[in-house]
Amino acid sequence: MLASACAALATVLAQILSALLCLLYIRKTLPFLRVGREDMRYDGSLIAKITRFSLVSALHQSSLYIGKLLVQGAVNTMGLAAISAYTATTRVEGIVLAVGDSGAEAISVFVAQNTGAGKRPRARQGFFIGLRGLLAIAALLSLILFFSAEALMRFFVPDGSPQTISYGTSYLQILCFFYFLSYTGSAFVGFYRGSGLVNIPLIGTTLHISLRVILSYLFVSSMGMDAVSYATGIGWIVIVIFHSLMFVHLKKKEDLLLSGPVFVTEEPVSPVPEPPVSELAQGPLDTFSGSEQGDAAEPEEPA
């Protein structure tokens, strides 16, 4: 009991220390991010937008861990060896997936900055560059993990039984063939978050978790731990297909808005009015007015 409390306290203290170090770094190197008195203004529309985005993002993250708890329930039916193996594999999996989460955050910031600046093509270009980088990292980590799966299991479960080591090794090696899909999904999550479409990652994660839980419960009794790994991989396949379809749909929608028909309304040119016939019949105007003509025609008196 004391060990669990100490672990929880250490986690909280680590988060506090991390926040303080971030604030110190901002104060020293990024002065434009310092919050001053002039920044403390109430903006109702901005608060509403931040609240909406944060609630959807929080629901997205919580649904992921709720799904893991449900999968844990399916694993618990297999006995102590499977429980120990799944606990160890989730630790290894968390380290591997943390790289994808970091890549998602980086892509999200880049896409958000360029979208806000009106440079949507550059935002997409950055997404594809980030995706290629994540796929390269996924290939490298999957290769390393495949050949070191048994050693990692013995490291995290030093007193584990041979069955526990076997369960965990098989689980990790199967997932190595699916991690590139997980990293692809993370790249899409970063793109949609940066675009302000936070509901799309939530829908995709819900599909993934639902399928993962259902398939795990259906096949865990016949396939063992391998059922959980295959269910996870199939869930990643579904989420990548969903994100890809939404990406294409969004691209077509944006292209349609940019290349829509432009209607130019020209004002009709009003015709020049012709002078009346009476004016055309008149001769050229005299240089002098009538009174001046009268005065000019009058002879001078002799001196």
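Residues numbered from 1 in each chain as written. Predicted model: local features only at pLDDT ≥ 70, side-chain atom pairs only at ≥ 80, totals over all residues. Heavy atoms only, no water.

**Q** Could you give an account of the overall build of the protein, with specific residues and numbers?
**A** Summing up its helical and strand segments, the protein has ten helices and zero strands in all. Starting at the N terminus and walking to the C terminus, you meet the elements of the protein as α-α-α-α-α-α-α-α-α-α. Looking at the 303 residues of the protein, the share that counts as buried comes to 31%. The contacts of the protein with a sequence gap of at least 6 include a subset with a gap of at least 24, amounting to 80%. Split by element, the accessible area of the protein, about 20100 Å² in all, is 68% carbon and sulfur. (Helix = DSSP H or I, 4+ residues; strand = E, 2+ residues; numbered from the N terminus. Buried < 20%, exposed > 50% of the residue type's maximum accessible area, 1.4 Å probe, protein only. Contact = heavy atoms within 4.5 Å. Areas by Shrake-Rupley, 256 points an atom, 1.4 Å probe, with all protein chains shown as cover.)

**Q** With reference to specific residues and values, describe a nonpolar patch on the surface.
**A** Side chains of I214, L218, F219, M223, Y230, I234, I237, I241 and L245 sit close together on the surface and give an oily, nonpolar patch of about 820 Å² of accessible area. Within the residue set of the nonpolar patch, elements represented by two or more residues are α7 (199-223) and α8 (225-258). If you tally residues by element for the nonpolar patch, the top one is α8, at five residues. Along the chain, L245 turns up in helix α8. (Patch = residues over 30% accessible without salt bridge, like charges linked within 9 Å, V, L, I, M, F, W, Y side chains within 5 Å. Salt bridge = Lys/Arg side-chain N within 4 Å of Asp/Glu carboxyl O.)

**Q** Please set out the packing of aromatic side chains residue by residue, giving values where relevant.
**A** Applying the stated criterion to the full structure yields 14 aromatic pairs. Seen from their ring centres, F188 and F247 are 5.8 Å apart, and the 65° between their planes marks the pair as edge-to-face. Taken together, the positions of F188 in helix α6 (residues 179-194) and F247 in helix α8 put the pair 59 residues apart, joining distant regions of the chain. Take F247: its relative accessible area is 9%, and that puts it in the buried class. Feature note: the residues F127, F128, F188, F191, Y192 and F247 constitute an aromatic cluster, connected by ring pairs. (Phe/Tyr/Trp six-rings, centres within 6.5 Å; stacked < 30°, edge-to-face > 60°.)

**Q** Before we move on, could you go through the pattern of salt bridges and cite the residues and values that matter?
**A** According to the stated counting rule, one finds five salt bridges in the structure shown. Measuring nitrogen to oxygen at the nearest pair gives 3.2 Å for the salt bridge that ties R193 to E105. One end of the pair, R193, is in helix α6; the other, E105, is in helix α3 (residues 80-116), with 88 residues separating them in the sequence. Given a relative accessible area of 44%, E105 falls into the partly exposed group. Here E150 makes a salt bridge to R154, at a shortest N to O gap of 3.1 Å. On the criterion of helical spacing, the pair formed by E150 and R154 is a turn pair, its members being four residues apart in helix α4 (residues 120-156). The class for E150 is partly exposed, based on a relative accessible area of 41%. Counted as one network, the salt bridges with shared partners bring together R120, R124 and E254.

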